[in-house]
Amino acid sequence: MEKALQWKETTSWIFKSVLLFSLSNVLAAVLKIVAVLMTLGKAASSNSITDVAESAKSGLDTIDTIETICTIAVLAGYVLFFIYIGKLRTLVHNNDENAVAKIRTAFILNMVAAVLSFLPLISIIGLIVNVVAWFILLGAYARLRDSQTFPEMARRGMRKLHTAMILTLIGGIIGIIPLIGFIGSILTFIAFIMTITGWKKLSDSEAPVC
């Protein structure tokens, strides 16, 4: 009974953390668009250059505030994810510990790659780290998807996550092709939804019988 409660709490927080860092990025993009539109509206209705300048400054300040809040939310989401994915490793069957550990490692590498991408000269290293993380994560999802000791509902979630990663890759490639780039955006959006629902299935699963 105690393990079942720990499983529910841990998987629930993993799902919440994924929602937090995933939706925070989306929310930031939407709010910035709204802030820009509102700023343009105020500028258009202004009667002097001073008012236009003040509207522009106010808009930039709003965008900076949005970015700061959303960045904090994303970091909080990742911290929670790292904490609870580590706890999940202690709750799964021995056969699945390594795969869960690889998920955590891959997410850490993704964060490292994100930081390196902003640094001059060594941004290419960030790309390489990101590719390595992608393969590690894809392999971990596949391992858990096929595991007979991982809960059935959780395996379905891993299947969705595995498929979502492949769709994201395909969508990214198609997205740079002229005329059909919009198809890539559609695939990426589908992958995003599948990622959310995949982690939700993990949170809806029952604790494994070890």
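If you're wondering where the values come from, they're calculated on a predicted model, not measured in any experiment.

Asker: I tried to follow the overall build of the protein on my own but got confused; where do I start?
Answerer: Each helix and strand in the protein was counted, giving six helices and zero strands. Sequence-ordered secondary structure for the protein, helices as α and strands as β, is α-α-α-α-α-α. Counting across all 210 residues of the protein, residues that qualify as buried make up 35%. Of the contacts made within the protein by residues no fewer than 6 positions apart, 71% connect residues no fewer than 24 positions apart. Surface exposure of the protein reaches about 12,100 Å², of which carbon and sulfur atoms provide 70%.

Asker: How should the layout of surface pockets be read in this particular structure?
Answerer: By rolling a water-sized probe across the atoms, one finds the places where empty space is left. Counted as a void, the largest pocket has a volume near 1,200 Å³. Surrounding the largest pocket, 33 residues form its lining, F21, Y78, F107, N110 and T168 being those nearest its centre. Elements with a contribution of two residues or more to the lining of the largest pocket: α1 (2-45), α2 (49-91), α3 (97-116), α4 (123-146), α5 (152-175) and α6 (181-204). Here the lining of the largest pocket takes eight residues from α4, the largest share from any one element. Looking at side-chain class alone, the lining of the largest pocket contains 24 nonpolar, nine polar and no charged residues.

Asker: How do you make sense of the side chain of R155 when you look at a structure like this?
Answerer: For R155, the position within the fold is in helix α5. In this structure R155 is buried but unpaired, with E152 as the nearest side chain of opposite charge at 5.1 Å. A polar contact of 2.6 Å, which involves the side chain of R155, links it to the backbone oxygen of F150. The residues contacting R155, other than those within four sequence positions of it, are L144, R145, S147, Q148 and F150.

Asker: Just checking my understanding: could you explain a nonpolar patch on the surface for this structure?
Answerer: Together, V115, L119, L121, I122, I124, I125, L127, I128, V131, V132 and F135 give the surface a local cluster of nonpolar side chains, amounting to about 1,000 Å² of exposed area. Here the element with the most residues in the nonpolar patch is α4; it accounts for seven residues.

Asker: Please explain the packing of α3 against α4 as it appears in this structure.
Answerer: For any two helices packed against each other, the geometry is given by the interaxial angle and the distance between the axes. Closest axis-to-axis distance for the α3/α4 pair is 8 Å, and the angle between their directions is 160°. Classified by the interaxial angle, the pair formed by α3 and α4 is roughly antiparallel. Once α3 is placed against α4, the crossing between them reads as left-handed. Looking at the contact of α3 with α4 residue by residue, the classes come out as 17 nonpolar, four polar and two charged.

Asker: Explain α4 here, please?
Answerer: In an α-helix, one turn spans 3.6 residues; hence positions three or four apart end up facing the same way. When the terminal C-alpha atoms of α4 are compared, their 35 Å separation across 24 residues agrees well with the 34 Å that a helix rising 1.5 Å per residue should span. By the burial criterion, the buried members of α4 are G126, V129, A133, L137, L138, A140, Y141, A142 and L144.

Criteria and thresholds
- Residues numbered from 1 in each chain as written.
- Predicted model: local features only at pLDDT ≥ 70, side-chain atom pairs only at ≥ 80, totals over all residues.
- Heavy atoms only, no water.
- Helix = DSSP H or I, 4+ residues; strand = E, 2+ residues; numbered from the N terminus.
- Buried < 20%, exposed > 50% of the residue type's maximum accessible area, 1.4 Å probe, protein only.
- Contact = heavy atoms within 4.5 Å.
- Areas by Shrake-Rupley, 256 points an atom, 1.4 Å probe, with all protein chains shown as cover.
- 1 Å grid on protein atoms, 1.4 Å probe; cavity = no way out; pocket = protein on both sides within 12 Å on 5 of 7 lines; lining within 4 Å.
- Points joined across faces, edges and corners; volume = space filled by probe spheres on them.
- Nonpolar A, V, L, I, M, F, W, Y, C, P; charged D, E, K, R; others polar.
- Lys, Arg positive; Asp, Glu negative; His and termini not counted.
- Salt bridge = Lys/Arg side-chain N within 4 Å of Asp/Glu carboxyl O.
- Polar contact = N/O pair within 3.5 Å; in protein donor to acceptor, adjacent residues only side chain to side chain.
- Patch = residues over 30% accessible without salt bridge, like charges linked within 9 Å, V, L, I, M, F, W, Y side chains within 5 Å.
- Axes fitted to C-alpha atoms, helices over the stretch in contact; angles between N-to-C directions.
- Parallel < 35°, antiparallel > 145°, perpendicular 65-115°, else oblique.
- Left-handed = near helix turned anticlockwise from the far one by under 90°.
- Expected span 1.5 Å × (residues − 1).

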